[in-house]
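# A look at the structure
Each chain, letter by letter, is given below.
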Amino acid sequence: MIKKIINHLALALLLLILMSCSNKSPQDLSGFLSESNNVSPIFNSYSGIRPPISIDPSNNDKIIIYQHETFNPRIRPNCYIHRNLIPEVILKLQDSNTHIYFLCSNATDSRFDRSDGGNYIYHRVDELRAILEELRVAGVSPENIYLAGYSAGAWTSLMANSLIEDRLFNGIIGLAPAFAGKRKSREHSKVRSSIRNDQISKIMESQNMNALIFAYDYDEYENTSDLSFLTSNPEWNLTFVSFDCDEGHRTPHSDCKFEEALEIMKEYIGIPF
């Protein structure tokens, strides 16, 4: 009997620990990476409400704001799990004059299968706008700010290009932009397809677009063909890179054509080799 009670207490304690971890605000991870110089590094160095951005803009350094994927739009993203970490190819862009800001999103949808689904992307754009405004107030020139993202994070950057009226950033590095689930799911859902088409129309409203987009032939969410709409505006300054890596949607987190992709990114934002 005593052994049974002890086992129950141990299980209850474990559940409390797990609940504590799961309830920890993802926003606690927003901030500059701790390796950054010339900024106030706040990544993993505080708890509670995120402190204001502190940066010395006098060095004319570059800022890259990275946005992770959204695995399930009905659940607040967990920025502690591996798939939401910054891909190594983006981390390699950081040096003494280039700093990476990790933006951990709290955005969710109530239900993705309803006609008002997809609003989490608009919420993510609002989160991004707040960070861009902070950088503007801190004196950072928009010419030195780049958005980088993977999957829904990359899609958010594309949407932000249309929705954020003031030019608060220079360009976009988009890795496997994706929205509305896997291709097969969209094919069986008129609602998902309709919402996706609406957001594509919003992206295409952009008067100007300065972007570097990486698409992957075997991506089960948005492959090279799915994303070809991005190449239809000749007025945009958009570089569309297509790789035939067979890792699917997870390709940006793998080593497929790593050095080639890194070289293209460095050239795009003007980082010396």
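Residues numbered from 1 in each chain as written. Predicted model: local features only at pLDDT ≥ 70, side-chain atom pairs only at ≥ 80, totals over all residues. Heavy atoms only, no water.

So, about the pattern of salt bridges. Taken as a whole, this structure holds eleven salt bridges when the rule is applied. Note that Arg136 and Glu133 form a salt bridge whose closest N and O atoms lie 2.8 Å from each other. Taken as a pair, Arg136 and Glu133 lie in helix H3 (residues 119-137) at a separation of three residues, close to a single helical turn. Residue Glu133 is classed as partly exposed on the basis of its relative accessible area, which comes to 26%. (Salt bridge = Lys/Arg side-chain N within 4 Å of Asp/Glu carboxyl O. Helix = DSSP H or I, 4+ residues; strand = E, 2+ residues; numbered from the N terminus. Buried < 20%, exposed > 50% of the residue type's maximum accessible area, 1.4 Å probe, protein only.)

As a further point, take the side chain of Thr156. Within the secondary structure, Thr156 sits in helix H4 (residues 152-163). In terms of polar contacts, Thr156 uses its side chain to reach the backbone carbonyl oxygen of Ala152, at 2.8 Å. If we ignore the near neighbours within four places in the chain, the residues touching Thr156 are Gln67, Ile121, Arg124 and Val125. (Polar contact = N/O pair within 3.5 Å; in protein donor to acceptor, adjacent residues only side chain to side chain. Contact = heavy atoms within 4.5 Å.)

The axes of two packed helices give the description: the angle between them and the distance between them. The contact between H3 and H4 brings their axes to 9 Å, and the two run at 70°. What the angle tells us is that H3 and H4 run roughly perpendicular. Across from Tyr120, Ile121, Tyr122, Arg124, Val125, Leu128 and Arg129 in H3, the residues of H4 making contact are Ala152, Gly153, Trp155, Thr156, Met159, Ala160 and Leu163. Looking at the contact of H3 with H4 residue by residue, the classes come out as ten nonpolar, two polar and two charged. (Axes fitted to C-alpha atoms, helices over the stretch in contact; angles between N-to-C directions. Parallel < 35°, antiparallel > 145°, perpendicular 65-115°, else oblique. Nonpolar A, V, L, I, M, F, W, Y, C, P; charged D, E, K, R; others polar.)

What follows concerns a negative patch on the surface. Residues Glu88, Asp246, Glu247, Asp255, Glu259, Glu260, Glu263 and Glu267 make up a contiguous surface patch of negative charge. Tallying contributions element by element places helix H7 (residues 258-269) first for the negative patch, with four residues. When you line up the elements, Glu267 lands in helix H7. Judged by its relative accessible area of 60%, Glu267 falls in the exposed class. (Patch = residues over 30% accessible without salt bridge, like charges linked within 9 Å, V, L, I, M, F, W, Y side chains within 5 Å. Areas by Shrake-Rupley, 256 points an atom, 1.4 Å probe, with all protein chains shown as cover. Lys, Arg positive; Asp, Glu negative; His and termini not counted. Charge placed at Lys NZ, Arg CZ, Asp CG, Glu CD.)

All chains considered together, the criterion is met by nine aromatic pairs. Relative to Tyr101, the ring of Phe32 lies with its centre 5.1 Å away and its plane at 85°, an arrangement referred to as edge-to-face. With Phe32 in strand S1 (residues 31-32) and Tyr101 in strand S3 (residues 98-103), the pair connects residues that are 69 residues apart, well separated along the chain. Residue Phe32 is classed as buried on the basis of its relative accessible area, which comes to 1%. For the pair Tyr146 and Tyr268, a centre-to-centre distance of 5.8 Å together with 70° between the ring planes defines the contact as edge-to-face. Note that Tyr146 is positioned in strand S4 (residues 145-150) and Tyr268 in helix H7, a separation of 122 residues in sequence. Residue class for Tyr146 comes out buried when judged on its relative accessible area of 6%. An aromatic cluster is present here, built from Tyr120, Trp155, Phe179 and Phe229 joined pairwise through their rings. (Phe/Tyr/Trp six-rings, centres within 6.5 Å; stacked < 30°, edge-to-face > 60°.)

This next bit is on the nonpolar core. Ranked by size, the top nonpolar core spans 42 residues in total, and within it Ile65, Leu132, Leu135, Trp155, Ile203 and Leu230 carry the most contacts. Counting residues per element, the ones that place at least two in this core are strand S2 (62-67), S3, H3, S4, H4, helix H6 (190-204) and strand S6 (210-216). In terms of residues, this core owes the most to one element, H3, which gives seven residues. Once residues within four sequence positions are removed from consideration, Trp155 is found in contact with Ile121, Pro177, Ala178, Phe179, Arg196, Gln199, Ile200, Ile203, Glu222, Leu227 and Phe229. Counting residues in hydrophobic clusters, the runner-up holds 32 residues, among them Leu33, Ile173, Phe214 and Ala261. (Core = buried A, V, L, I, M, F, W, Y, C linked by side-chain atoms within 4.5 Å.)

Moving on, we get to the sheet that holds strand S7 (residues 237-243). Taken in spatial order, the seven strands make up an open sheet running S1-S3-S2-S4-S5-S6-S7, and their pairing is mixed. Of all the strands in the sheet, the pair left with one neighbour each is S1 and S7. Of the pairings in the sheet, the one linking S2 to S3 comprises six bridges and is parallel in character. Each residue of the ladder has a partner; that of Ile63, found in S3, is His99. Most of the contacts of H3 go to S2, to which it runs at about 160°, and overall it touches S1, S2, S3 and S4. (Pairing = 2+ DSSP bridges.)

In this model, H4 (twelve residues) spans 16 Å end to end at C-alpha, consistent with the 16 Å of a helix rising 1.5 Å per residue. In terms of residue burial, H4 counts as a mostly covered element, since ten of its twelve residues are buried. For H4, the set of buried residues is Ala152, Gly153, Ala154, Trp155, Thr156, Ser157, Leu158, Met159, Ala160 and Asn161. (Expected span 1.5 Å × (residues − 1).)

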